[in-house]
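Overview (structure and organization)
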Amino acid sequence: MGITLEDNVRIREFRPDDLAVVAALFRRVFRDGEKCNLATLQSYLGDLFFEHPWRDPELTSRVSVTADGRVNGFIGVLQLRMNYRGMQVRAALASSLMVDNPQQDPMAGARLLRSVLTGAQDLSLGE
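Residues numbered from 1 in each chain as written. Predicted model: local features only at pLDDT ≥ 70, side-chain atom pairs only at ≥ 80, totals over all residues. Heavy atoms only, no water.

1. Points about the nonpolar core
- In terms of nonpolar packing, the biggest core is built from 18 residues, with Phe14, Val22, Leu45, Phe49, Val63 and Phe74 touching the most fellow members.
- Sorting the residues of this core by element identifies α1 (19-30), α2 (38-50), β3 (62-65), β4 (71-84) and β5 (87-99) as the ones contributing at least two each.
- Counting residues per element, this core draws most heavily on α1, at 5 residues.
- Residues contacting Leu45, with those up to four places away along its chain left out, are Leu19, Val22, Ala23, Phe26 and Phe50.
- Counting residues in hydrophobic clusters, the runner-up holds 10 residues, among them Ile75, Ala92, Ala94 and Val116. (Core = buried A, V, L, I, M, F, W, Y, C linked by side-chain atoms within 4.5 Å. Buried < 20%, exposed > 50% of the residue type's maximum accessible area, 1.4 Å probe, protein only. Helix = DSSP H or I, 4+ residues; strand = E, 2+ residues; numbered from the N terminus. Contact = heavy atoms within 4.5 Å.)

2. Some remarks on the confidence of the model for the chain
- Looking at the chain as a whole, the pLDDT averages 90, with 94% of positions reaching at least 70.
- By mean pLDDT, the top-scoring element of the chain is β3 (96), and the lowest-scoring one is strand β1 (residues 2-4) (48). (pLDDT = per-residue confidence, 0-100.)

3. Topic: the pairing of strand β6 (residues 123-126)
- Summarising the sheet, β5 and β6 pair through 4 bridges and their orientation is parallel. Bridge pairing links Ala92 to Ser124 in β6.
- Of the crossover connections in this fold, the one passing from β5 over helix α3 (residues 108-117) to the parallel β6 is right-handed. (Pairing = 2+ DSSP bridges. Right-handed = clockwise from strand over helix to strand, strands pointing away.)

4. Describing α2
- Between its terminal C-alpha atoms α2 stretches 17 Å, which fits the 18 Å expected from 13 residues at 1.5 Å a residue.
- Looking only at α2, the buried set comprises Leu41, Leu45, Gly46, Phe49 and Phe50. Along α2, the residues classed as buried sweep out an arc of 135° about the axis, all on the same side. Set apart from the buried face of α2 by more than 90 degrees, the exposed residues are Ala39 and Thr40.
- The secondary structure elements touched by the buried residues of α2 are α1, β4 and β5.
- For α2, the side-chain oxygen to backbone nitrogen distance between the N-cap and Ala39 is 2.9 Å, and the N-cap itself is Asn37. (Expected span 1.5 Å × (residues − 1). Arc of directions from axis to C-beta. Polar contact = N/O pair within 3.5 Å; in protein donor to acceptor, adjacent residues only side chain to side chain.)

Right under this line is the structure:
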């Protein structure tokens, strides 16, 4: 399920077939041209966001997709198990917010964050 926005940008769940694009975006945004093995980074992100033992299919990472189908942004969601006064609390930790060419789409990051904050979790946290 995705959210379609008025400017033809769509926010949808991050899928395993997005890993290569998101890893390349991560390297560009956070590593700033620093040498980084793309295959290793892709494997790490796959383990972190798809193979984590606490993974909750209702609390997923998100990507921003342009009208032409290109992934131009990402926000990671890590699930946390928490207890408060004896009750289980579903928490989502938003992480690794990144946008390709934010000058071209200055609201992409805000849309990604909003899509996480309106999720099924009881508590939202950010790094």
